Amino acid sequence: MHNPDMTTDEDPDAAERADDPGRRELIALHAERAELEQRLARAEQERLYLADPAAASAAQAAEAALLGELDRIMTRIRAAEYRSQPGARSW
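Residues numbered from 1 in each chain as written. Predicted model: local features only at pLDDT ≥ 70, side-chain atom pairs only at ≥ 80, totals over all residues. Heavy atoms only, no water.

**Q** Is there a simple way to think about the overall build of the protein chain in this case?
**A** Each helix and strand counted, the protein chain has three helices and zero strands in total. Counting helices and strands in the order they occur from the N terminus, the protein chain gives α-α-α. In the protein chain, of all internal contacts separated by at least 6 residues, the share reaching a separation of at least 24 is 57%. As presented, the protein chain carries roughly 7,100 Å² of accessible surface, and 53% of it is formed by carbon and sulfur atoms. (Helix = DSSP H or I, 4+ residues; strand = E, 2+ residues; numbered from the N terminus. Contact = heavy atoms within 4.5 Å. Areas by Shrake-Rupley, 256 points an atom, 1.4 Å probe, with all protein chains shown as cover.)

As structure tokens, this is what we get:
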């Protein structure tokens, strides 16, 4: 039974969850998502605020490509989250 007063250090299952390959995959995917979102925000700022039309156009193309990558990462995250649920089917 879970004890809400127990700290993570006292949790006997914490090490087992940290070694779970599915959890590691999910953590890595979220880290990749966060990095991609930062790159996307920068591309958006460049598109909006660069004075050079060619540079703004390049930033717009980069933004579109990054949005495609973000969509793929989010799909992988949703799949990993589904697989982590009890009773999840493998396709």
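**Q** Help me understand helix α3 (residues 53-83), please; the structure alone is not making it clear to me.
**A** Because the α-helix completes a turn every 3.6 residues, residues three or four places apart line up on one side. Across its 31 residues, α3 extends 45 Å between first and last C-alpha, which sits within 8% of the 45 Å expected from 1.5 Å per residue. Turning to α3, its buried residues number three or more, namely Ala-56, Ala-59, Glu-63, Leu-66, Leu-70, Ile-73, Ile-77 and Ala-80. Close packing links the buried residues of α3 with α2 (21-49). (Expected span 1.5 Å × (residues − 1). Buried < 20%, exposed > 50% of the residue type's maximum accessible area, 1.4 Å probe, protein only.)

**Q** Could you clarify how one ought to interpret the nonpolar core in this entry?
**A** Soluble, globular proteins show a tendency: their nonpolar side chains are buried together. Judged by nonpolar contacts, Leu-26, Leu-29, Leu-36, Leu-40, Ala-43, Leu-66, Leu-70, Ile-73, Ile-77 and Ala-80 together constitute the single largest core of 10 residues. Of all the secondary structure elements, the ones that give two or more residues to this core are α2 and α3. Beyond its immediate chain neighbours, meaning those up to four positions away, Ile-77 contacts Leu-26, Leu-29, His-30 and Arg-33. (Core = buried A, V, L, I, M, F, W, Y, C linked by side-chain atoms within 4.5 Å.)

**Q** Where do I start with the side chain of Glu-63 in this structure?
**A** You can see Glu-63 is positioned in helix α3. The exposure class assigned to Glu-63 is buried, which follows from its relative accessible area of 11%. When near neighbours in sequence (up to four residues on either side) are disregarded, Glu-63 contacts Leu-40, Ala-43, Glu-44 and Arg-47.

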